[in-house]
Amino acid sequence: MNNPVQNANVIDEKILSYIENNTLDFSGISEERKGDLDKIADYVSMKIKANETAELVYICTHNSRRSHFGQIWGATAAAYYGIANIKTYSGGTEATACNERSVAALKRVGFMIEKTTETSNPVYHIQYSADGPKQIAFSKKYDDSSNPKQGFCAIMTCSSADEACPVVFGAAKRVATPYEDPKAFDGTTDEAKMYDERCKQIATETFYVFSKVKK
C-alpha cells in the first residue's frame, strides 16, 4: 500500500481530516466490489509503469451527481497518495447540470468551490487546497471535446449509464461500479444526509483504488 504521509500536506487541513476520519477504512467494501475496483487500480498501475498519464472518466447518465463525486475524489486520492500523472474527468450519456446538492456536499467536506458562470449548466472550479489544481466541473456528454478520446478508463457510476453505453468509444478499459442515486431524496428531510452518504461511499472506494496502485 502506498504511504501518504509525505504527500498529505498538499491537501487542505479540513479535507485531510475528513479523509482520515471517513475514507480509509475499507473493511465495509465487499470482496466482489474490491475485485471491480482493483481493475481500475490495475489500469492506473499499468499506465504508471509505462510512464504514461492515466486518464479516468467517471460516467453517469446526467453527469450531475455521482460522476462528479468520482472526478473530484479521484484527483484528491491521487494527490493524497502522491501518485503523479493522473487526470480525472466526468461525463454522461446526456448533459444537464452539475447538481447544486452535489456541490453543497463537496463544500461540506471542505473543498474550495468557485461558480464561474451563471447559466443553466454552470461551470465550477473545485480545489482540494488553495494552491492545488482546479478541477473543472460541469455537465457534459462523455465524448465532450474536453474529455480524452482514446486510451482512458471508463468508470460507469450508475447502472442506467452502463446499460445506455454498451460501448464507450475510445476506452482502453471499462469498469462498472454503480452507486445508488441520491436524487431520490431531493426535496426531503434526508436530502443532505443521503448526498453526504453517497459522497463518502465514492470517496472511500476511490481511496481504496489508489491505495492499491503500484508505483
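Let me sum up the structure you'll find in this document. (Residues numbered from 1 in each chain as written. Predicted model: local features only at pLDDT ≥ 70, side-chain atom pairs only at ≥ 80, totals over all residues. Heavy atoms only, no water.)

Moving on to the overall build of the chain. From N to C terminus, the chain includes six helices and seven strands. Across the chain, helices and strands are ordered from the amino to the carboxyl terminus as α-α-β-α-β-α-β-β-β-β-α-β-α. Expected size for 215 residues packed as a compact globule is a radius of gyration near 17 Å; at 16 Å, the chain falls within 12% of this value. Principal-axis analysis of the C-alpha atoms places the extent of the chain at approximately 45 × 40 × 35 Å. Residue burial in the chain is summarised as follows: out of 215 residues, 52% are buried. Counted over contacts in the chain with a minimum sequence separation of 6, partners at least 24 positions apart contribute 69%. Summing over all exposed atoms, the chain offers an accessible surface of approximately 9900 Å²; the carbon and sulfur share of this is 47%. Positive and negative side-chain charges of the chain, numbering 26 and 28 respectively, have mean locations separated by a distance of 3 Å. (Helix = DSSP H or I, 4+ residues; strand = E, 2+ residues; numbered from the N terminus. Rg over C-alpha atoms; globule rule 2.2 N^0.38 Å. Buried < 20%, exposed > 50% of the residue type's maximum accessible area, 1.4 Å probe, protein only. Contact = heavy atoms within 4.5 Å. Areas by Shrake-Rupley, 256 points an atom, 1.4 Å probe, with all protein chains shown as cover. Lys, Arg positive; Asp, Glu negative; His and termini not counted. Charge placed at Lys NZ, Arg CZ, Asp CG, Glu CD.)

Grouped together as the largest cluster of nonpolar side chains are 50 residues, with contacts concentrated most on Val44, Leu56, Trp73, Leu106, Phe111 and Phe210. At the level of elements, α1 (13-22), α2 (31-49), β1 (54-59), α3 (66-80), α4 (100-109), β4 (124-127), β6 (152-156) and α6 (191-211) are the ones that each hand at least two residues to this core. Top contributing element to this core by residue count: α6, with eight residues. Apart from residues lying up to four places away in sequence, Leu56 is in contact with Ile40, Tyr43, Val44, Lys87, Thr88, Tyr89, Cys153, Ile155 and Phe210. One finds Val57, Ala154, Met156 and Val168 within the second-largest nonpolar core, a separate group that totals eight residues. (Core = buried A, V, L, I, M, F, W, Y, C linked by side-chain atoms within 4.5 Å.)

Strands belonging to one sheet form pairs held by backbone hydrogen bonds; the direction of such a pair is parallel or antiparallel. Taken in spatial order, the three strands of this open sheet run β3-β4-β5, and their pairing is antiparallel. With partners counted over all chains shown, the strands left at the sheet margins are β3 (112-115) and β5 (135-137), one partner each. Sheet twist, expressed as the mean angle between neighbouring strand axes with direction ignored, is 25°. Summarising the sheet, β4 and β5 pair through three bridges and their orientation is antiparallel. (Pairing = 2+ DSSP bridges. Axes fitted to C-alpha atoms, helices over the stretch in contact; angles between N-to-C directions.)

Okay, the pattern of salt bridges next. Using the criterion set out here, one finds eleven salt bridges in the structure. Here Glu191 makes a salt bridge to Arg101, at a shortest N to O gap of 3.0 Å. Highlighted residues: Glu191 in helix α6 and Arg101 in helix α4, separated in sequence by 90 residues. Note on Arg101: relative accessible area 23%, which makes it partly exposed. One network of salt bridges, in which partners are shared, links Arg65, Arg101, Asp186 and Glu191. (Salt bridge = Lys/Arg side-chain N within 4 Å of Asp/Glu carboxyl O.)

Here the focus is α3. Counted at 1.5 Å a residue, the expected span for α3 with its 15 residues is 21 Å, and the 21 Å between its end C-alpha atoms agrees. Among the 15 residues that make up α3, 15 are buried, leaving the element largely enclosed by the rest of the structure. Backbone geometry just after α3 places Gly82 at a positive phi near 65°. (Expected span 1.5 Å × (residues − 1).)

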